[in-house]
Each structure stands twice: as C-alpha cells, then as structure tokens.
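Each chain, written out:
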Amino acid sequence: MGKGFFISKTLTIAGVIVGAGAVATIIALSVVYSQEKAKNQEVKPTNGGTSPPTTTQVTPWDPWDHYRLPDSLSPVSYNITLWPRLEASRSTGLYIFTGRSAVVFECKKPTDLILIHSNKLNLTLINGHHARLTGLDGATPPNIKDSWLQPVTQFLVIQLDGRLQAGNRYELYSDFTGELADDLGGFYRSEYFVGEIKKVVATTQMQPTHARKAFPCFDEPAMKAVFHMTLLHPHGTVALANGMNKCSVMDGQDVTQTSFQATPIMSTYLLAFVVSEFDFIRSPEGEKVLIRIWARKQAIEEGQGDYALEKTGPILEFFEKYYTTDYPLNKSDQIALPDFSAGAMENWGLITYRETALLFNNASSSNADKEWIATVISHELAHMWFGNLVTMRWWNDLWLNEGFATYVSYLGANSAEPTWNYTDLIVMKEVYKVMSVDALASSHPLSTKEQDIMQPAQISELFDSITYSKALTSYRISPQTYLNTFKYGNTVYQDLWNHLQTVRSPSIHNICSPFVIMNRWILQMGFPLVSIDTTNGHITQNHFLLDPESVVDRPSEFQYEWIVPIKWIKSGTEQTPFCALYLIDDASSLYSDTHPPLKMIGSDWVLANTKVSGFFRVNYDTANWERLLTQLSTNHEVIPVINRAQIVDDAFNLARAKTVSTKLALRTTLYLQKEREYMPWEMADRNLGYFFLMFDRSEVYGPMRAYLRKQVMPLFNHFQAITANWTKIPDNHLDQYTQVRAISLACSSGVPVCEALMTSWFQAWMKTPEKNPIHPNLRQTVYCGALAAGGVEEWNFAWKMYKEAPIASEAEKLMYGLTCTREPWLIQRYLTYCLDPEKIRKQDATFTMVYIAGNVVGQSLVWDFVRANWNYIYNDYGSGSFSFGRLIEGITRRFSSEFELKQLQQFIKENSDQGLGSASQAVEQALERTKANIKWVAENKADVFQWFTDNSKLI
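Residues numbered from 1 in each chain as written. Predicted model: local features only at pLDDT ≥ 70, side-chain atom pairs only at ≥ 80, totals over all residues. Heavy atoms only, no water.

1. Let's talk about the overall build of the chain
Part 1: The secondary structure content of the chain amounts to 27 helices and 34 strands.
Part 2: Within the span of the chain, comprising 955 residues, buried residues form 62% of the whole.
Part 3: With an accessible surface of roughly 34600 Å², the chain has 50% of that area assigned to carbon and sulfur atoms. (Helix = DSSP H or I, 4+ residues; strand = E, 2+ residues; numbered from the N terminus. Buried < 20%, exposed > 50% of the residue type's maximum accessible area, 1.4 Å probe, protein only. Areas by Shrake-Rupley, 256 points an atom, 1.4 Å probe, with all protein chains shown as cover.)

2. Regarding empty space enclosed by the protein
Part 1: Empty space within the largest cavity amounts to approximately 120 Å³.
Part 2: Looking at the largest cavity, the residues that line it are Leu440, Leu546, Asp547, Pro548, Arg656, Lys658, Tyr690, Glu928, Arg929, Ala932, Lys935 and Trp936.
Part 3: When residues of the lining of the largest cavity are assigned to their parent elements, the largest contribution, 5 residues, is made by helix α27 (residues 920-951).
Part 4: Considering only residue class, the lining of the largest cavity consists of 6 nonpolar, no polar and 6 charged. (1 Å grid on protein atoms, 1.4 Å probe; cavity = no way out; pocket = protein on both sides within 12 Å on 5 of 7 lines; lining within 4 Å. Points joined across faces, edges and corners; volume = space filled by probe spheres on them. Nonpolar A, V, L, I, M, F, W, Y, C, P; charged D, E, K, R; others polar.)

3. Section: the sheet that holds strand β27 (residues 528-533)
Part 1: The strand order across the open sheet built from 3 strands is β28-β27-β34, with neighbouring strands paired in mixed fashion. Lying at the two open borders of the sheet, with one neighbouring strand each, are β28 (538-543) and β34 (617-620). Averaged over all neighbouring strand pairs, the angle between strand axes comes to 25 degrees, with direction disregarded.
Part 2: By the bridge criterion, 6 bridges tie β27 to β28 in an arrangement that is antiparallel. Its bridge partner lying in β28, Val530 is registered against Gln541. (Pairing = 2+ DSSP bridges. Axes fitted to C-alpha atoms, helices over the stretch in contact; angles between N-to-C directions.)

4. Here's the deal with the sheet that holds strand β33 (residues 606-608)
Part 1: Spatially, 3 strands are ordered β31-β30-β33 in an open sheet, and the strand pairing comes out antiparallel. Of all the strands in the sheet, just β31 (573-574) and β33 have a single pairing partner and so form its edges.
Part 2: Of the strand pairs in this sheet, strand β30 (residues 568-570) and β31 are connected by 2 bridges, and their pairing is antiparallel. Residue pairing across strands places Lys570 opposite Thr573, the latter belonging to β31.

5. Comments concerning unusual backbone geometry
Part 1: The peptide bond linking Gln207 to Pro208 adopts the cis configuration, its omega dihedral lying at 0 degrees.
Part 2: Summarising the element assignment, Pro208 is placed in the loop between β13 (197-205) and β14 (226-234).
Part 3: Notably, Lys120 is not glycine yet its phi reads approximately 60 degrees, a positive angle.
Part 4: The phi torsion at Asn725 lies on the positive side, around 60 degrees, for a residue other than glycine.
Part 5: Positionally, Asn725 belongs in the loop between α15 (701-722) and α16 (733-748).

6. Focus on the pairing of strand β5 (residues 96-107)
Part 1: For β5, the buried fraction is high: 9 of the 12 residues fall into the buried class.
Part 2: Bridge count for β5 against strand β11 (residues 169-179) is 11 bridges, and the pairing is antiparallel. Counterpart to Gly99 in the pairing with β11 is Phe176.

7. Regarding the pattern of salt bridges
Part 1: One pass over the full model with this rule turns up 45 salt bridges.
Part 2: The salt bridge partner of Arg617 is Asp650, with a shortest N-O separation of 2.8 Å. Placement of Arg617 in strand β34 and of Asp650 in helix α12 (residues 641-656) is noted, with a sequence separation of 33 residues between them.
Part 3: On the basis of relative accessible area, Asp650 is assigned to the buried category, the value being 2%.
Part 4: With a closest N to O distance of 3.1 Å, Arg686 and Glu682 form a salt bridge. One end of the pair is Arg686 and the other is Glu682, both in helix α14 (residues 678-695) and 4 residues apart, which spans about a single turn.
Part 5: Owing to a relative accessible area of 32%, Arg686 belongs among the partly exposed residues under this scheme. (Salt bridge = Lys/Arg side-chain N within 4 Å of Asp/Glu carboxyl O.)

8. So, the packing of aromatic side chains
Part 1: Tallied over the entire structure, the rule returns 63 aromatic pairs.
Part 2: Pairwise contacts between aromatic rings join Phe318, Phe319, Tyr322, Tyr323, Tyr327, Trp385, Phe386, Phe404, Tyr482 and Phe486 into one cluster.
Part 3: The ring of Trp394 has Arg68 sitting right over it, with the charged end atom 3.6 Å from the ring centre. (Phe/Tyr/Trp six-rings, centres within 6.5 Å; stacked < 30°, edge-to-face > 60°. Lys NZ or Arg CZ within 6 Å of the ring centre and 35° of its normal.)

9. Comments concerning the packing of helix α3 (residues 367-383) against helix α4 (residues 398-416)
Part 1: As a packed pair, α3 and α4 sit with axes 7 Å apart at the nearest point and diverge in direction by 130 degrees. Classed by the angle they form, the pair α3 and α4 counts as oblique. For the pair α3 and α4, the sense of crossing is right-handed. Where α3 abuts α4, its residues Ala374, Thr375, Ser378, His379, Ala382 and His383 lie against Asn401, Glu402, Ala405, Thr406, Val408, Ser409, Gly412 and Ala413.
Part 2: Broken down by class, the residue content of the contact of α3 with α4 amounts to 5 nonpolar, 8 polar and 1 charged. (Parallel < 35°, antiparallel > 145°, perpendicular 65-115°, else oblique. Left-handed = near helix turned anticlockwise from the far one by under 90°. Contact = heavy atoms within 4.5 Å.)

10. Digging into α4
Part 1: End to end, α4 covers 27 Å across 19 residues, agreeing with the expected 27 Å (1.5 Å per residue, within 8%).
Part 2: Within α4, 17 of the 19 residues are buried, which leaves the element mostly enclosed by the surrounding structure. (Expected span 1.5 Å × (residues − 1).)

11. What to know about the packing of α16 against helix α17 (residues 752-767)
Part 1: For the pair α16 and α17, interaxial distance at closest approach is 7 Å and the crossing angle is 110 degrees. As the angle between them shows, α16 and α17 are arranged roughly perpendicular. Contact residues: Ile743, Ala746 and Cys747 in α16; Cys754, Glu755 and Met758 in α17.
Part 2: Split into classes, the residues belonging to the contact of α16 with α17 amount to 5 nonpolar, no polar and 1 charged.

12. Things to note about helix α25 (residues 884-892)
Helical periodicity: at 3.6 residues per turn, an α-helix aligns residues three or four positions apart in one direction.
Part 1: α25 sits mainly inside the fold: 8 of its 9 residues count as buried.
Part 2: If you check which residues of α25 are buried, you get Phe884, Gly885, Arg886, Leu887, Ile888, Gly890, Ile891 and Thr892.
Part 3: The inward-facing, buried residues of α25 contact α22 (842-853), α23 (859-868), α24 (870-876), α26 (898-910) and α27.

13. So, the state of the cysteines
Part 1: For the coordinates displayed, the defined rule picks out 2 disulfides.
Part 2: With its sulfur 1.7 Å from that of its partner, Cys747 forms a disulfide with Cys754. Since a negative S-S torsion denotes a left-handed disulfide, the Cys747-Cys754 link at about -85 degrees is left-handed. The residues Cys747 and Cys754 share a single accessibility class, namely buried.
Part 3: Put simply, Cys784 and Cys820 are joined by a disulfide, and their sulfur atoms are 2.0 Å apart. Here the disulfide of Cys784 and Cys820 is left-handed, its torsion about the S-S bond being about -100 degrees. Taken as a pair, Cys784 in helix α18 (residues 776-789) and Cys820 in the loop between α20 (808-817) and α21 (824-834) lie far apart in primary sequence, 36 residues in all. A single burial state applies to Cys784 and to Cys820, both of which are buried. (Disulfide = S-S within 2.5 Å.)

14. Topic: the confidence of the model for the chain
Part 1: When the pLDDT values of the chain are averaged, the result is 87; 88% of them are 70 or greater.
Part 2: Across residues 3-59, confidence stays below pLDDT 50; counting only partners more than four residues off in sequence or on other chains, it has 261 contacts.
Part 3: Within the model, pLDDT remains below 50 along residues 471-477, and this stretch shows 43 contacts once partners closer than five positions in the same chain are excluded. (pLDDT = per-residue confidence, 0-100.)

15. A closer look at the nonpolar core
Part 1: Core analysis: the largest hydrophobic core is formed by 293 residues, its most contacted members being Phe273, Tyr323, Phe691, Met849 and Phe948.
Part 2: No other element matches α14, which puts 12 residues into this core.
Part 3: With residues up to four places along the chain from it excluded, the contact list for Met849 reads Leu831, Cys834, Val862, Phe865, Val866, Ile873 and Leu887. (Core = buried A, V, L, I, M, F, W, Y, C linked by side-chain atoms within 4.5 Å.)

16. Concerning the environment of Arg617
Part 1: On the basis of relative accessible area, Arg617 is assigned to the buried category, the value being 1%.
Part 2: Sequence separation between Arg617 and Phe544 is 73 residues, and the spatial gap between their C-alpha atoms is 7.9 Å.
Part 3: Dropping the residues within four chain positions of it, Arg617 is found in contact with Tyr432, Met435, Phe527, Pro528, Leu529, Val530, Phe544, Asp649, Asp650 and Asn653.

17. Points about the side chain of Lys213
Part 1: Its location among the elements puts Lys213 in the loop between β13 and β14.
Part 2: On the basis of relative accessibility, which here comes to 12%, the residue Lys213 falls in the buried class.
Part 3: When residues no more than four places from it in sequence are discounted, the contact partners of Lys213 are Phe97, Asn119, Lys120, Leu121, Asp183, Gly185 and Gly186.

Here it is, written out as structure tokens:
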C-alpha cells in the first residue's frame, strides 16, 4: 500500500559484505503510523447472527474464537457476482449491494468444521443454513449440521455431521447482502458532484482484512486463489476489476453484466473492482501492456491524468529490467478515487489511488505534487512483483512487502525523472523520519511472531513508518532468484535470507552471513548510537533512546547490539570503510573496539556514516565536535550536503537524549546563514520545530523567533534575488523546495516584507478568484500565512475556493491553509466541519485535525474536541482505520506539561472499556513522548532562553 500521508512510506538498515579485505555497505529501506502490536487477547465466545444450539458447549478454546484460520482447508478459486446499487433505498435510505459467491476449496486435513471469514454481510439462509456445500469430482460432502456468524472473530461457522476428506475438493455457495457504506473499507461508496448532481462510485479497499466485507472468503494472505469476477451495474456506467473485461451483456432493462478474465493466483487483499461513470486515457495500441488512467470525466478532459500515463510505462519497464521478470498481466489500470483511505493500493491489474496521488495539473499542481505522484506510482508498481507475485505469509512480515517497495519506489521515480536526483532524498524522507519513532522504548521490531499479530486492529497498527521506512535490505543484487523461486507463493523473511546466502561470496566470513547480520536489525527494535573517540580511535555502541531514562521492557536475544558497517571521511577525504562488530562471543569478533585510523591529531576531523549509508546515529568526543563546527563555519561545502544535514539531526537528537549539550546542538545551526542547500535547512527546520512546539507558549518564543529570523534572512534574500523578486521559479528540483522553505521560515519568523508579500498575493487572488496569481509551489505556504494574518473574510473566501477546487491537490493546500487562522471561533467551526462528510471527506478528517493541532491556537481546541467526540469518531470512522494512530500522534506532540500528561492518562482510562483500536500503540508512544518532553523542558528551558537571547542579536 502506498503511504497514506499518508502516506507517509524507507529506510536503511545496515548490513555488510566483508570480502577480499573490503566492506560494502548495504542499502536498507522501508516505512507508516502506530507501531506495536498488543498481545493477542483472550476472546470470550460471542455469538452473532444465528446462535449455535444450546447443546453446543462453547469454550474459549473453540476454533471460531481464535482469529486465525485453521490449516485444514485451502481455497482454489472463487466465482463471485456482485450487484452494487448506486441509488439509496427509498425505504431505508441505505446503499446496498447483493451478491453470490462459490468458493472451491481443497481439504488438506480431515475436518468436520468450515471456518470462512464474513463480516457485516447478511447471508441468505439456504435450507435453513447460511451456505450450501457440494462435493466436486465425485466427492460426497457431509451435511451441514449447523451454521452461525461469529462477529468478534468475523467468521461464518459451519459445523458438519461428518468429515471432509483430505485430498477432496468441495464448493461452498452463499447468497448475501451488504451495505455499500462510506466507511472506506471493503466494498464501499465514494461520492462526488457534477454540478448539483451527486455521482456515486462503488469501489474497494480490501487490505488488510476487508475482503470479508465484500463476500465470504478465506481472508488471509497465504490463502491464495484464482478469482472469477462478474459485476452487474447500471447502463451508462463502466465496471473494472483485476482482470480485463471479457464480455458485457444486457441483463434485463436495468443493468449490464460484465465478466472479467480470471486473476492470477493471489491473496484476497489484492482483489479490486469498481463501478463508476469515469473516463480514461490509455497507452497506444500495440503496446505489450495496456495502461489506462481512470478518473472523473472532468479530470480526464482537463488532462489531469496525462502525467501519470506519461510516467507509468517507463516505470513499469524499469521494474521489468530491475527484477528481470516480465510484468505478469496484460493490463495495468490506475484509477483516482474521490474517497480513499490510504495513498494508493497495489491491487493487481487495478491500482486504486487518492486523487492527489494520481492527478496532476500544470496550472495548479506543485513540484511536490508531481514528486508525490511519481513516487506513489512507482511504489505501487514495485508491488506488482514484491508483494503481489511473492507475498508475505502473514502480516507480521508486512515489511517484506512495504520496505522493499518503499526503497525501489525511489529508484523507479528517479528513472522516470532523472534530473531530480531523487534517491538523495531517501535519508531525509525515510531514514530520519522513522528514527524519531524507532528511538522510543515503545517501538517494535520489523518482524514479530505470528501469534502476536492476530486481531484486525493489531494488523492495522503495523502500517507504520517502521514497516515502510526501516525495512528490507538488498545485498546489492537484484532479487530475481527470490522472485522466481517463490512466484505466486508466500514467504517468511528467512526465505529471503536463504537466497541472499546462496549468492554470498565464499570468502565472506560466517559472522557476516545474512542471518547473523540482518536478524539483529529485524528481530530487535531500535538502532545503535555509535560513539567515536578520536583521541584514541575507540568505538562503542549502545541502544539509542530519545529518553535515556525510559524503560525497555521488550527483551532481545541480541542484547540490543548490532553489527554496524561504517563509512567515514577524514577532513573531507573518504577513508576505507570498516565493520564494527559487537558480538556476545568476543572470541568470534573480526574487529576489536578500537580502529586506529580514527585517531586524529591537529585540526583533522572525523565524520562517520558518510551519506548516511547506515541506520545509526553518531557521537564524537568534544574535540571532534568542535572541529566539525569549525569546518561548518569556515567552509561547510567540504562536508557532503547529506552529512551537513546529518550533523544537525544527530546533534539535536543526541541533545534530547542528554548525550551532548543542547547548546552544542543549537550551535550546529549557526552556519546556516551561509547554507543554500535544501537538506540541511529542512533538517534544521524539523529540529527547531521541536523547540517551537515546546516553547511557543512561553517567554522563550520571542528570542527563538528572532534567532530564526536572523538566520533565514540571507536565504530569503538569496531567493528573492535569483527569482527576480519572486517572479520566477528555480529550475533545480531541490532549489524549488528550498525557495518554499525560505519563504515559509521568513514569514513564520516575522520578516515584515515576507508577511506583506503573502498578504498581497492572497488579496490579489481574492479580487480575481478565477485567476490565481500564486505559483502552485508557494500556495500552501501563502495560504497559511495569509489566513493567519487575516480574519473571517479571508477564511470564508478560502473555504469557498476549497469547495470549488477543480483538482484534489489544490483542495488539499486550501484544507491545510484554513487550519492556520488565529481566530479560535473559526477553528472551532472548522472542527465541526471535520465530522460532517458533506463538508470534509472522511479520508481527510484526521489530517485536518492534525493540521489544526499544529497551530498553537488550535492545539488545545482540537484536543478538547477529539476527547468530547471520541466515541463518535471511534465508531463512525472505524476502530481499525489507519489514520487513528496519526491522529493521536499529531494532537499530542506539543504535550509538555503535567496537566497535559494527566489529561492524556485520563483519556486512556475513560476509553479503557472499548479500547483505542489501531491508536493503542500511538497512545502508548504519546505517553512516553509527553513524559520525556516534560523532563526535557524542565532541564533545558533556562539555557535555551539564554542561548537564543544571546544569539538573536543582530551584529
């Protein structure tokens, strides 16, 4: 699934190849938003639908009270017919769909019980039971003794009066009705307007556990099967599915019946089907793979799908070469949906997207919008092989899918847009993002035991930044042998290591085998802090925690030690890499804890983790830190740009962990008056952003804002000059980002000319709404600044433009800008809109609330609002929604007082009965962060105030 921010996304864990006396680093990857998984809770028997007979003894050990399917049955194929009603019932006001399904399965072990997933489906009774069982190829089926629905574990339970026999095949048939709800899961409803006319789209999102809401099925990744789909739909609509449509026939006067080619053998979560009035553009006739971009007719007419069509073919070809395996299907449909919970979904042959992740308009879409589209398309196409062709056996190894796709998405996007140098951004967008989560004691390993991930909410929690951004590694080989061996099958992570082992050079020491190296990175959470003492070349490592006083209660068989590959430079010159091995058995170590070349004399300095090729942070002795700061202040370009960003980010995080002083971290920003590159400024902004969160309600805010204003003025003046007073946009991809950062920081820190500039641009737009003079790259920043400086007139205008926006990316910029107002009553109005799907789509509600929480005026308002409406949000928006973890994290990130901690603890207590669903881990992390923030503020406030006061004075 694409990042839902979503997101979100990959990272780098490190590994090593040690051979012929040389060390090669390993690129690491991955990513999404809450982390951990709770232990599987014992479930009390709960009966739903038709209750089992009173003679049946129900105990907690009954198979239907467990969340996993038994291994006695294996699906072979499904034949599914669905009929979505695109108009609401006059009697109930509900949108519904009806369907029938016949699943052929093979019995692997004799059993008198059939368990098949079914959730929120009303099954039609057939001869008094919920399904009909028949034998195939001469097999005689036993009779159905009883059947009922088990809502908690989401099973249809069928008890038989005899046993199914191993090796025989059977067919289970069912008729059913379901609601075509607007809950963004399973078979659901999306809506949009053409003028005053409401249009309804019937569409799907099956991952992770929602196929069971569309039809009864064996809804686990390893239960692969072939799917034969037929859709009944109104005349004038088009039906799509994973396979190419075979034929469409008129079925009576009201509907058309469309059948589709059978799918390859695949998991239920990859199934997709859509009924809509959309239009499409396509690749030229005669191409090997038919590529179509589907969207609302107006979007297609305006050319919003052109960029996606232009880039999909080249990216697909890139992956065919990268994997050395042809794309397995004859078509690739990509469809932009008005309502979609994630960023995109890699359904085989029919990829579904948010509109912002697929549609582009040169007149209103920004450089960042284009980059996002290229990245998401690349991520989803990468899944066609890694995830779809070869699939993880169970959700505990989700990182096998998402981590690799996140990494190669950068390669695919870079191949499509080679001038962007897009792979340089992996560190900033993925590595450092996930480090902030993985440095918590409440983080989680990449891979966990299957039995620890059972419930749907636990599975949803895995779609976080750890899974996407810290995952899989490649030993600088293409994974074709792995893909060829396991194609159309399922794997566990050990299968990948076995394949990496087979291509390992015989000269490589066993200590550096894939199993030895990688198990330390995937089976234990966190990452190391490598400390280098340049006075003697001594190296140590320890588990890095943002709060060093936090308790790590998750044991590790590796004692939180890692094998760390280290690339480094000395005074600007690249040195020979080495591998720091910290093994329990010291006798087996290839290296000691001292590396003599690291010993420095005179003015020479050491900088380790060159280009952030490893997943760890670095600390140095005080003298080396001072030499690095001197280098930054005298000639910063001697240090690679990525490592200038690294120095800033490492120093600030080490300061939060009390490893170095906060003053030292702040001193890494002094040189920024000379910096013109994007990445160092971005990392400085992120880290100073933490200071603003902690102190924007205190007396520290004034001098802190003055210091930032002083530092950013040269950057602001630089871009004012090279853009001819803001009338041009830089040609370079990253320079465009730096221009936006310069304006954003200058305006937020109170540069008068910047504030006047944004206000004038916005006022000009208000005078001519049909012609927006603000460049798309700058719109989000300008909207926010102008609405913060304005009042109700500006807010109402922006709201009107939001509702009339012709493309989703423009609506998203306005949605963010509206959260920047300083008027509490307008924020309160906007919060009420968040729970009205007619005003704010459900897919955008949590984003909007998180944006409001970023506004110091809105933070307490949104926290009060969420607490007051939690039951409604939890139940109506779905306890398994991917966005709940993001909501909690966003709202609580400013918490830094005992009062806020007590409020958070009370919130947990008040909701302990119903639970917090997929937000459970995020709440635990919020508690940990809040406690750490309280201590950090108490210990650093006075020093920070004085430092900013001293360094904000103009010379």
